[in-house]
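Spelled out from the first residue to the last, the chains are:
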There are 2 protein chains.
Amino acid sequence: MQTEDEERRVRVSLKDVAELAGVSVKTVSNVVNKYQHVTPATREKVQRAIDDLDYRPNLTARHLRKGRTGIIALALPELGNPYFAELAGAVIDAAGEHDYTVLLDHTQGSRERELLVTQGFRARVIDGLILNPLELEAEDLAARTDTAPLVLIGERRYDLPYDHIAIDNIAAARTAVSHLLDRGRRRIAFLGARGDRASQPAHLRLLGWRTELAARGVPADETLVAPVEGWDRADGAAAMAALLDAGHRPDAVFAYNDLIAIGAMRVMSERGLRVPEDVAVVGFDDLTEGRYGAVTLTTVAPDKQAIARLAVESIVGRLEEPKTPGGADGSDPGGRARHGDAGPAGDGAGNGEGGAENGEGAVVPRQLQPGFTLVERESTLGRSPAH
Amino acid sequence: MQTEDEERRVRVSLKDVAELAGVSVKTVSNVVNKYQHVTPATREKVQRAIDDLDYRPNLTARHLRKGRTGIIALALPELGNPYFAELAGAVIDAAGEHDYTVLLDHTQGSRERELLVTQGFRARVIDGLILNPLELEAEDLAARTDTAPLVLIGERRYDLPYDHIAIDNIAAARTAVSHLLDRGRRRIAFLGARGDRASQPAHLRLLGWRTELAARGVPADETLVAPVEGWDRADGAAAMAALLDAGHRPDAVFAYNDLIAIGAMRVMSERGLRVPEDVAVVGFDDLTEGRYGAVTLTTVAPDKQAIARLAVESIVGRLEEPKTPGGADGSDPGGRARHGDAGPAGDGAGNGEGGAENGEGAVVPRQLQPGFTLVERESTLGRSPAH
DNA sequence: TCCGTCTTGTATAACGTTGGAAACACGGGG
DNA sequence: CCCCGTGTTTCCAACGTTATACAAGACGGA
């Protein structure tokens, strides 16, 4: 041990490589960055030195100089919820395809933590942020000072100049309810109402429930709308128990998500109600978990891969926007000092033309809607679909 | 709008603050870093300027200067497995307590990706790495050149100078089997054998199964050891189906993990076997999911919080090691860093004296064993324990 | 009064990288 | 043989921060 050799070096910088290769630091930098005007001989010489020393660029320094890290932050409410865990996996994969790495945080649905995250995470080292807000208010987002691109996912909608990615919740809920109606169910409960915030996602699904019932001429029995305290299995169980305790006897349940549905089914099973004979159940999220209960769960399946892909592409797109479209080479005229243009004019809307790029500031926010499908299951026990 | 004022400035640096306050850059830095020798008057003056400009330190520059990023990478096999998702959440929380942020990647159990991760992730921006390897070989790890601290978690053991954190799998498995024996079961199947790699974690649990049976004088029927292809529900279902198809009739099942147990229970329920009357089941991991099936699942619960905490503390400890212990520069007199107390000596080898630091290179690897408990459930439907 | 000592603040040099411009080879045409 | 254009490489500065060394006062004791 104690070899003075490359093994021992704690940190290899461009300078070390340059010394070994007998060239200047910038030349090494040029090779690393694939700058075109480098002699093949020089390039090879440098490359060999790079390999010998196992040089890898220090991204912190590069970031300080260029303003990019190659890291995207992803902030989700909770990883314990399989939906978010699966979504996180999808985002990591999608980011990887663009050579981005994902910094992950969970907010526990706390407004404070969500706020913290929007203000530059813990570390101001990220190129962009994908956030699934639960409690955050529009004013919190409006007050955001960080300039990294932000894209929102999930059902909450804000009237703010940020890209937003969410499936059409009303249509999805209607599909679920329609499915139950098609099977002759009429007393369809909705599990997962939450009164506190009008823009809450549950509101949209409840709206879908009401809309579809109305469209089909079935009176909506509002006593069958059960509130929940949270979004986990226990909350579904509690809601279902409350419903039954109050004397209601629905013949179907549409749950805000699969976890609530699973909790509800558990209560029904305890009370001797058979699923689906006595009560048909439809959930939301298409968790793998739902496929392996005593009864497999029919569910609305948002396209998680699409959500992840769109979110990542939104960030990447925003990052590349300022670039001149035709600037194929590396010269990048006027490249640096991007600061000062990112701030949108603010209030006044004014996103008239939908031109591909209108280089002049004015970010045009996009509302993207990935698809969803209704996955109907009849106790089929298949292989776990790879995903 | 268009105010030239603080609003408009996209980036405020120490220099700007220094100019406004009429002091030097370093003085501002001193105030920001709470350096003690600053006159109250100066401090206040600077603080006012900081507030006026809404200055926030550029962490990238700070990291470049200090050589730390505050980011720990966490590489897990798969986020789709709730165990890993819950573990990831615990790691994020534990890291947060030390002001670290977590960069997350999943390796899909691919040796190639695991290798990639050990070699400095995609980005050289991490202070340390927590890795749960599945396929990685000892030689891969031995060839590692990256110098960031690495800690291994999970059941695979390597004889290498890295901290390793895993519960005592043999003891845990014995506890599970003992529990079943106590209830009069004698034909206890083991679901989750995998022949391919001797050091595979499943081997340890299988060993525990054999050991406990032997200790209790119950002959081990090796035909009740069912192999699996993977670690998910479908694999458990397939294994159980194969077992039953072969004509075996176990009166109990000890599954390698909860997912396999859930898959197995699903098959049993399809075939009219009652749990636990006909077949008692014990799983491993204590997934929330296991609490809400038709039958709640008794399971071995590794202390995920402890695993996460120990892993993070290992990294943080290694990072702070080089520091001089007595350097009480005022703030925080050595208070933090509890590392190094929890672990029993593990095997024989090495760590003779408990000397705090032996600064001379020579890293002493630690084998840490968080605890576990057997969680026995009798169809209790409680609230989801917060976590 | 003078000189150490202690306190407080400043100037300067890094950290590792890249952009811009200047410098330097190398041939070919005049 | 010189000069100039082209293509390649080097030099210098800067990104924003903190460490080090040092200067400037304040203060007390001899």
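Residues numbered from 1 in each chain as written. Chains lettered and ligands numbered in written order. Predicted model: local features only at pLDDT ≥ 70, side-chain atom pairs only at ≥ 80, totals over all residues. Heavy atoms only, no water.

*Asks:* Would you mind going over the overall build of chain A in detail, with residue names and values included?
*Replies:* Assigned secondary structure in chain A consists of 12 helices and 12 strands. Taking the intrachain contacts of chain A between residues at least 6 apart in sequence as the baseline, contacts between residues at least 24 apart amount to 68%. A total of about 17,900 Å² of accessible surface is found on chain A, and carbon and sulfur atoms cover 49% of it. (Helix = DSSP H or I, 4+ residues; strand = E, 2+ residues; numbered from the N terminus. Contact = heavy atoms within 4.5 Å. Areas by Shrake-Rupley, 256 points an atom, 1.4 Å probe, with all protein chains shown as cover.)

*Asks:* So what about the nonpolar core? Which residues, and what values?
*Replies:* Of all hydrophobic cores here, the largest spans 105 residues; its most connected members are A:Ile130, A:Ile188, A:Phe254, B:Ile130, B:Ile188 and B:Phe254. Excluding residues within four positions of it along the chain, A:Phe254 makes contact with A:Ala173, A:Ala176, A:Val177, A:Leu180, A:Ile188, A:Ala189, A:Phe190, A:Leu191, A:Arg205, A:Val282, A:Gly283 and A:Phe284. Listed in part, the 33 residues of the second largest apolar core include A:Val117, A:Leu160, B:Ile126 and B:Leu152. (Core = buried A, V, L, I, M, F, W, Y, C linked by side-chain atoms within 4.5 Å. Buried < 20%, exposed > 50% of the residue type's maximum accessible area, 1.4 Å probe, protein only.)

*Asks:* Tell me about the protein's contact with DNA strand C, residues and numbers included.
*Replies:* Surveying the vicinity of DNA strand C reveals 24 residues, the closest of which are A:Leu14, A:Tyr55, A:Arg65, B:Thr27 and B:Thr42. Sugar plus phosphate, as a fraction of atoms of DNA strand C within 4 Å of the protein: 72%. One nitrogen or oxygen atom from the side chain of B:Thr27 is found 2.3 Å from a phosphate oxygen belonging to DNA strand C. In this structure, B:Thr39 approaches DNA strand C through a side-chain N or O atom, which is 2.9 Å from a sugar or linking oxygen. Among the elements of the structure, helix 2 (25-32) and helix 4 (59-66) of chain A together with helix 2 (25-32) and helix 4 (59-66) of chain B are those that each provide at least two residues to the surface near DNA strand C. Broken down by element, the surface near DNA strand C gets its largest block of residues, 4 residues, from helix 4 of chain A. (Near = heavy atom within 4 Å. Polar contact = N/O pair within 3.5 Å; in protein donor to acceptor, adjacent residues only side chain to side chain.)

*Asks:* Hey, could you go over the protein's contact with DNA strand D for me, with residue numbers and the actual values?
*Replies:* Taken together, 26 residues sit near DNA strand D, with A:Thr27, A:Thr42, B:Leu14, B:Tyr55 and B:Arg65 positioned nearest. Within 4 Å of the protein, atoms of DNA strand D come from sugar and phosphate in 68% of cases. Contact distances for DNA strand D include 2.3 Å between a phosphate oxygen and a side-chain N or O atom of A:Thr27. One of the side-chain nitrogen or oxygen atoms of B:Asn33 is found 3.2 Å away from a phosphate oxygen of DNA strand D. If you list the elements that add at least two residues to the surface near DNA strand D, you get helix 2 and helix 4 of chain A together with helix 2 and helix 4 of chain B. Looking at the surface near DNA strand D, the element that brings in the most residues is helix 4 of chain B, giving 4 residues. For the surface near DNA strand D, the class distribution of residues is 10 nonpolar, 10 polar and 6 charged. (Nonpolar A, V, L, I, M, F, W, Y, C, P; charged D, E, K, R; others polar.)

*Asks:* How would you sum up the confidence of the model for chain A? Please name residues and give values.
*Replies:* Residue and element names in this part refer to chain A. The pLDDT averaged across chain A works out to 79; a share of 81% of its residues lies at or above 70. The secondary structure element of chain A with the lowest average pLDDT is helix 6 (residues 111-118), at 82, and the one with the highest is strand 8 (residues 252-255), at 96. Confidence drops under a pLDDT of 50 for residues 1-9, and excluding neighbours within four residues, the segment shows 6 contacts in the predicted structure. The low-confidence segment residues 379-387, where pLDDT is below 50, has 20 contacts with residues more than four positions distant or belonging to other chains. (pLDDT = per-residue confidence, 0-100.)

*Asks:* If you had to explain empty space enclosed by the protein to someone new, which residues and values would you point to?
*Replies:* Across all of its chains, the model carries 2 cavities of 30 Å³ or more by this definition. In this structure, the largest cavity spans a volume of roughly 40 Å³. Around the largest cavity, the lining residues are A:Thr60, A:His63, A:Thr69, A:Ile71, A:Val125, B:Thr60, B:Thr69, B:Ile71 and B:Val125. Among the residues forming the lining of the largest cavity, the class breakdown is 4 nonpolar, 5 polar and no charged. (1 Å grid on protein atoms, 1.4 Å probe; cavity = no way out; pocket = protein on both sides within 12 Å on 5 of 7 lines; lining within 4 Å. Points joined across faces, edges and corners; volume = space filled by probe spheres on them.)

*Asks:* Describe the sheet that holds strand 8 (residues 252-255) of chain B, and please don't skip the residues or the numbers.
*Replies:* Residue and element names in this part refer to chain B. Here 6 strands make up an open sheet; going across it, the order is 7-6-8-9-10-12 and the pairing mixed. On the outer flanks of this sheet lie strand 7 (225-227) and strand 12 (372-375), each paired with one strand and no other. Adjacent strand axes in the sheet meet at a mean angle of 15°, parallel and antiparallel pairs treated alike. (Pairing = 2+ DSSP bridges. Axes fitted to C-alpha atoms, helices over the stretch in contact; angles between N-to-C directions.)

*Asks:* So what's going on with the sheet that holds strand 7 (residues 225-227) of chain A? Which residues, and what values?
*Replies:* All names here are of chain A. Spatially, 7-6-8-9-10-12 is the arrangement adopted by the 6 strands of the open sheet, whose pairing is mixed. The open sheet has two edge strands with one neighbour each: strand 7 and strand 12 (372-375). Averaged over all neighbouring strand pairs, the angle between strand axes comes to 15°, with direction disregarded. Sheet analysis places strand 6 (residues 188-193) next to strand 8, joined by 4 bridges and oriented parallel. What sits directly across from Leu-191, in strand 8, is Ala-255. Strands in contact with helix 8 (residues 169-182) are strand 6, strand 8, strand 9 (280-284), strand 10 (298-302) and strand 12; relative to strand 9, the strand with the most contacts, it is inclined by about 165°.

*Asks:* Explain helix 1 (residues 14-21) of chain A residue by residue, including any values.
*Replies:* All names here are of chain A. Those residues of helix 1 lying buried are Asp-16, Val-17, Ala-18 and Ala-21. Turning to helix 1, the residues buried within the fold contact helix 2 and helix 3 (40-53). Immediately beyond the C-terminal end of helix 1, within one or two residues, lies Gly-22, with a positive phi of roughly 70°.

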